[in-house]
Amino acid sequence: MSLGLDYFKKVYGVIPGWVQKMYDYNPEMLQHYTALRGAAMSAGALSVKEKDILLVGMNAARLYARSMVYHTKGSIDGGATLEELAEYLLVAYHYGGEKALQIGLQSFEYALELTETKSIKISHESKVSEIIRFYGEFAKTEQSRSYFEQLATLSDCTDVNVLKAKLLETNCVTTQMKHILMTGIYTTTLNNEETDVWAKKARDVGVQEAQLAELGYACLLTAGIPSWFEISDALIEK
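Reading guide: rules and limits
Residues numbered from 1 in each chain as written. Predicted model: local features only at pLDDT ≥ 70, side-chain atom pairs only at ≥ 80, totals over all residues. Heavy atoms only, no water. Helix = DSSP H or I, 4+ residues; strand = E, 2+ residues; numbered from the N terminus. Rg over C-alpha atoms; globule rule 2.2 N^0.38 Å. Buried < 20%, exposed > 50% of the residue type's maximum accessible area, 1.4 Å probe, protein only. 1 Å grid on protein atoms, 1.4 Å probe; cavity = no way out; pocket = protein on both sides within 12 Å on 5 of 7 lines; lining within 4 Å. Points joined across faces, edges and corners; volume = space filled by probe spheres on them. Nonpolar A, V, L, I, M, F, W, Y, C, P; charged D, E, K, R; others polar.

S.K.: Which residues make up the overall build of the protein, and what values do they have?
M.R.: Within the protein, the regular secondary structure consists of 14 helices and 0 strands. Ordered by position in the sequence, the α and β elements of the protein form the string α-α-α-α-α-α-α-α-α-α-α-α-α-α. Against the 2.2 N^0.38 benchmark of 18 Å for 238 residues, the protein shows a C-alpha radius of gyration of 18 Å, consistent with a compact globule. Judged by the C-alpha coordinates and their principal axes, the protein covers about 55 × 45 × 25 Å. Burial analysis of the protein (238 residues in total) assigns 48% to the buried set.

See below:
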């Protein structure tokens, strides 16, 4: 087996069809892509787990379930808890609204399967408040359960901005990581102006430039080189 095929089998547990076809048509292309992915996903200013779970949230926000589910496995393998995963999926609402939360349930259900956790089934057409309360069942502390309940209550308010602000507060996921996720969402959707806005907001809450750069590498993997164009404009020159 080639190094590229072996690498992806370790990452996903199986060799995805798109990997096999890249190898079948051009083994050298897969070799170069494998090297790029390995460098982009290596631990640095962001951990491997953080990069995977950020990719889950970014792809939920832009309604791209396929990549979201792929990176769910990496997140769980890297040590992410169900509570953490739920919070990243909730932040996706900030951009993608109710549809992003409904798509995100596919990721969470896969995580339940991976962790062999039994749970009730929830419809993929559930309302925002129902999805939030479902996730709240996996909170580990009373404080965290209270946070999820506050989110659910706010989801019924007429001013959606109140909910969006609460979503970015620290709970089991820090506000810094949530701001990194928001920057990544606008990067992968190729919104140059908002990428710059959120990069500045991220710096204001303590996110480091190296973290934003490594976010850009992860974005490149899921949204292509144009996403690097977007975040590179927002990065401060060294």
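S.K.: Quick rundown of the layout of surface pockets? Include the residues and the values.
M.R.: A volume near 220 Å³ is recorded for the largest pocket. Lining the largest pocket are 13 residues, with Trp18, Ser67, Tyr70, Leu221 and Thr222 sitting closest to its centre. It is helix α5 (residues 65-77) that contributes the most residues to the lining of the largest pocket, 4 residues altogether. Considered class by class, the residues forming the lining of the largest pocket number 8 nonpolar, 3 polar and 2 charged. One number sums up the size of the second largest pocket: a volume of about 180 Å³. If you trace the second largest pocket, you find 14 residues lining it, with Val11, Arg37, Val48, Asp52 and Gly74 closest to the centre. Among the secondary structure elements, those contributing two or more residues to the lining of the second largest pocket are α1 (3-12), α3 (27-40), α4 (48-61) and α5. Split by residue class, the lining of the second largest pocket holds 6 nonpolar, 5 polar and 3 charged.

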